[in-house]
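A structural walkthrough
Below are the chains, spelled out letter by letter.
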Amino acid sequence: MPAGISDARPEDLIGGILDIVRTGDGPETSRNWAASCMLSGECIKACDYGVNPRFLLAMARLSIAKSDKELSERRRQGVERYRQVSRGVTMLSRLQLDAEVLERLGQKSASVSTPAEPADFVFYTGCNVLKTPHIALLALDIMDVLGVSYQVMGGPSHCCGISQLMSGDAEMAGRLGSNSMEKLSHSRSGQVITWCPTCYVQFTETILPTVERQRGSRPFEMNPFMRFLGDRLAQLKPHLQHRVDMRVALHKHPGVAGVVEAATEILKMVPGVELIDLHQPAVGLQSVHVGVLPKLKRELQQRELEAARDAGVDALVAVYHSDHRELCAHERDWPFRIINILEVLGESMGLHRHDRYKELKVIQDADQIVTECSDLIARHSLDARDARDVVVRVLLGDQPLPLKGGHERGASGVAE
């Protein structure tokens, strides 16, 4: 096992986790298990006692952080993580979108406005999908076609508190999560459609159950966008009017139950699409969570790219935004496209959103990317040096498996 705990007895592992939750200390194998959790959710299905081991491991990580560091250090780390996410999301979204489109995605003044009448649903983007805004915009376009009434919320102003929880600052995580929860609880249906799987787990396994214990009820229920569409296949089908003649393989993460299944059914329903099974392992909540085991992550990504090439697919199709960010630039080096599932669905529905993120990332030259975005840098009154720093660290730096010929990056931010 990549986490190095295959020789441990299950009883000892779980007993150690309970010790960690109670005291902040426990055996090394149990600490390794907590640290290497990719949030795949397989443990939830395997547990015969109705316990959510994924939540238990999250609480173990919280207890370890509390034991290892003083509150001031944990709070400082949580603030720094939040600022890094906020800076990356804000900068990369503005390097791709003008103010009007940002407003449509619930940013700028829309982040603090309240509609005169509540919509049927709240569409909660989370934060990081705004780095790849074509995905979020396609979700809105699809809901428009289906006649769904929604209000968009998300971005750093609607944080789920995960950065603070990961840093061990449970109090601040609770404040941020509760604040966002109140903002999200104003749809007519009492339903929040969510895009980000991290936010989904944070709300459904930590925030909402806590509130339910305190108040006796939940302010809303959450449904991932893929499952939301999966529940409406009959409504969706008449709008799939254009053939999409492609052999595609689905990049899979099982962490949210029902999402892979819904995505599979949707792809099968698109006329012209041939779905190819690459027979690759499906692990983690989304790609970013597999990063707790970096070597395994690189190996899995390499194997999947090779399998897609050997199967002769036209496209490797991902669901989540972190999958797309990490994989999309590999399109430069392999004989197939790397796209999001909503691009396939949108093509059949006559909808299109340009993937500016991939276009910029494939350039692999920070200075050229900043030059390409100079009009939006001026329009949003951004600092070009700040923009370049974010491009180097966030856009180009988000590359777990190096591109071919791109194993090193010089100080200029250019792949060498």
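Preceding this paragraph is the structure being described.
Summarised in this report is the structure supplied together with it. (Residues numbered from 1 in each chain as written. Predicted model: local features only at pLDDT ≥ 70, side-chain atom pairs only at ≥ 80, totals over all residues. Heavy atoms only, no water.)

**Concerning helix H9 (residues 170–184)**
For H9, built from 15 residues, the straight-helix expectation of 21 Å at 1.5 Å per residue is met to within 8% by its first-to-last C-alpha distance of 21 Å. Residues of H9 that are buried: Ala173, Gly177, Ser180, Met181 and Leu184. With its buried residues spanning 110° around the axis, H9 presents them on a single face. If you follow the buried residues of H9, they end up packed against strand S1 (121–124), strand S2 (150–153), helix H8 (162–167), strand S3 (191–194), helix H10 (197–215) and strand S4 (221–224). (Helix = DSSP H or I, 4+ residues; strand = E, 2+ residues; numbered from the N terminus. Expected span 1.5 Å × (residues − 1). Buried < 20%, exposed > 50% of the residue type's maximum accessible area, 1.4 Å probe, protein only. Arc of directions from axis to C-beta. Contact = heavy atoms within 4.5 Å.)

**Observations concerning the sheet that holds S2**
Spatially, S2-S1-S3-S4 is the arrangement adopted by the 4 strands of the open sheet, whose pairing is parallel. Sheet topology places S2 and S4 at the edges, where each strand pairs with a single neighbour. Averaged over neighbouring strand pairs, the angle between their axes works out to 30° when direction is ignored. (Pairing = 2+ DSSP bridges. Axes fitted to C-alpha atoms, helices over the stretch in contact; angles between N-to-C directions.)

**Focus on the pairing of S1**
Side-chain direction in a regular strand flips from residue to residue, so the side chains alternate between the two faces of the sheet. Burial of S1 is two-sided: the residues Phe121 and Phe123 facing one way and the residues Val122 and Tyr124 facing the other way are all buried. Sheet topology note: the S1/S2 ladder contains 4 bridges and is parallel. Counterpart to phenylalanine 123 in the pairing with S2 is valine 152. In this fold, the crossover linking S1 to S2 by way of helix H7 (residues 133–145) has right-handed handedness. Inspection of the sheet shows S1 paired to S3 by 4 bridges, in the parallel sense. (Right-handed = clockwise from strand over helix to strand, strands pointing away.)

Everything listed here is a matter of geometry and, on its own, says nothing about what the molecule does.
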